[in-house]
Amino acid sequence: MPNLTRPVEHAGCISCPLGPERNPSRGRMSPCISGRGPAEAELVVVGEAPGKDEIALGGPFMGRSGQFLEDLLAETGISLRRVYLDNAAACFPNTPDNAPPARAIKACQPRLFEQVRRRRPKGVVVLGGKANSAFGGGGPVSDARGRERWVSAADLQAVLEKDRLKRDLPSVHFDPDWARDGVYVLPAYHPAFVLRSPDRTADLKRDLA
Ligand code: URA
C-alpha cells in the first residue's frame, strides 16, 4: 500500500539533500526544473541535472550541451516534438562541477519514473553514468553505452526499493498499469562529455538514432 502523503513526484523530496526539508537554513529549495516535452513521447532522454542555463531559461538542456543534443537528434531525424527531456535530479546541484549527489538522484527516482510512466515511451536514453545509475545501471558508461536493456516495471520497483530505507525514503508503488509495463533503457555518452571528446560524436549519434 502506498504510504504517501504527497504526490509521487515529490515523494523523495523529503530526503533530498537539495530540498528544503533537510536544509531548513537554506530557506527555500534549490531551483528545480521540470522536464520538457509532450505528454506522450516516443523517446525520453535523461541527463544529470539542470545547470545555470537551465535555471535561467526554465527547462532541461537549454545550454550548450542541450543545443548539441538537439542538433544530433535533428540529424538523426528525430523531432523534439516526439521527445521528452528530463534529468536524473530535477534540482540545481550548485556544485562546481554541477554533479548531483547520489542521494539526490535516489530521492528523485520516484519523480523521474512517474514522468516516464506517464509518457509511455518506446525507449529511454540515459546520458552519462549518473542518469544510467538512476535506472539501476552501473559501471563505466563507456562499457554500457549502446547496449539497450529491458527494464521491467518490477525492475524499476526494485530500483526504487534498493537503499530506500538507508536513504530514509518513503515507499512508492505505482498504479497497477505500471505492472504490465517496462521500458527499453539505452545508456549513451553525455553530450557535455562528447563536446570535450568530439571523437565520440558518432557513438552518441548512433545511440540516439
Ligand atoms: N542540461 C541538463 O538539463 N542536463 C544535463 O545533464 C546537462 C545540461
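Going by the structure above, here's the rest.
Residue numbering note: each chain is counted from 1, following its sequence as written. The predicted origin of the model limits local features to residues at a pLDDT of at least 70 and limits the giving and counting of side-chain atom pairs to 80 or more, whereas totals for whole chains, interfaces and linings rest on all residues. Only hydrogens and water are set aside when side-chain values are computed; all heavy atoms of the structure are taken into account.

**Digging into the nonpolar core**
Threshold: The definition of a nonpolar core used throughout is a set of buried Ala, Val, Leu, Ile, Met, Phe, Trp, Tyr and Cys residues joined through side-chain atoms within 4.5 Å. Buried residues are those whose accessible area, probed at 1.4 Å on protein chains only, stays under 20% of the maximum for their type, while exposed residues exceed 50% and partly exposed ones sit between those limits. Each helix is a run of DSSP H or I of at least 4 residues and each strand a run of E of at least 2, with the numbering of both proceeding from the N terminus.
The biggest cluster of nonpolar side chains holds 23 residues, and the ones touching the most others in it are Val46, Phe113, Val124, Val126, Phe135 and Val185. Sorting the residues of this core by element identifies β1 (43–47), α3 (102–119), β3 (123–127), α4 (128–134), α6 (153–161) and β5 (182–188) as the ones contributing at least two each. It is α3 that contributes the most residues to this core, four residues altogether. In this structure, Leu85, Val125, Ala188 and Val194 belong to the second largest nonpolar core, which totals 19 residues.

**Points about the pattern of salt bridges**
Stated precisely, the cut-off is as follows: Salt bridge criterion: a side-chain nitrogen from Lys or Arg within 4 Å of a carboxyl oxygen from Asp or Glu.
Going through the model one piece at a time under the given rule, you end up with 13 salt bridges. In this structure, the salt-bridge partner of Glu114 is Arg118, at a minimum N-O distance of 3.1 Å. In this pair, Glu114 and Arg118 are both assigned in helix α3, four residues apart and thus about one turn of the helix distant. Owing to a relative accessible area of 37%, Arg118 belongs among the partly exposed residues under this scheme. Residues Arg206 and Asp203 are paired through a salt bridge, measuring 3.2 Å at the closest nitrogen-oxygen approach. Of the two residues, Arg206 and Asp203 both sit in helix α8 (residues 201–208), three residues apart, roughly one turn of that helix. Taking relative accessible area as the criterion, Asp203 reaches 13% and is therefore assigned buried. Residues joined by salt bridges that share partners form a network here, namely Arg145, Arg200, Asp203, Arg206 and Asp207.

**A look at the site of the ligand**
The condition that has to hold: A cutoff of 4 Å decides nearness: a residue is near a molecule or strand if any of its heavy atoms lies inside that distance of it. What qualifies as a polar contact is a pair of N or O atoms within 3.5 Å, subject to a donor-acceptor requirement within protein and to the restriction that residues adjacent in sequence count only when both atoms come from side chains. Here the open area of atoms and residues is found with the Shrake-Rupley method and a 1.4 Å probe, where only the protein chains shown may cover a residue. Definitions used for this entry: grid spacing 1 Å over protein atoms alone; cavity, a set of points where a 1.4 Å probe fits but cannot get out; pocket, an open set with protein on both sides within 12 Å along at least 5 of 7 lines; lining residue, one with an atom within 4 Å of a point. Each molecule is assigned to a cavity or pocket provided more than half of its atoms lie within 2 Å of the corresponding grid points. Under the scheme applied, nonpolar residues are Ala, Val, Leu, Ile, Met, Phe, Trp, Tyr, Cys and Pro; charged residues are Asp, Glu, Lys and Arg; polar residues are all the others, including Gly.
As a structural note, the neighbourhood of the ligand is formed by Gly47, Glu48, Ala49, Glu54, Pro60, Phe61, Ser65, Asn87 and His190. One nitrogen or oxygen atom from the main chain of Ala49 is found 3.2 Å from a nitrogen atom belonging to the ligand. Here a nitrogen atom of the ligand sits 2.9 Å away from a polar atom, N or O, in the side chain of Glu54. When the ligand sits alone it has 240 Å² of accessible area, and the protein chains cover 92% of it. More than half of the atoms of the ligand fall within 2 Å of the grid points belonging to the largest pocket. Split into classes, the residues belonging to the shell around the ligand amount to three nonpolar, four polar and two charged.

So far we have only geometry, and geometry alone does not tell us how the molecule works.
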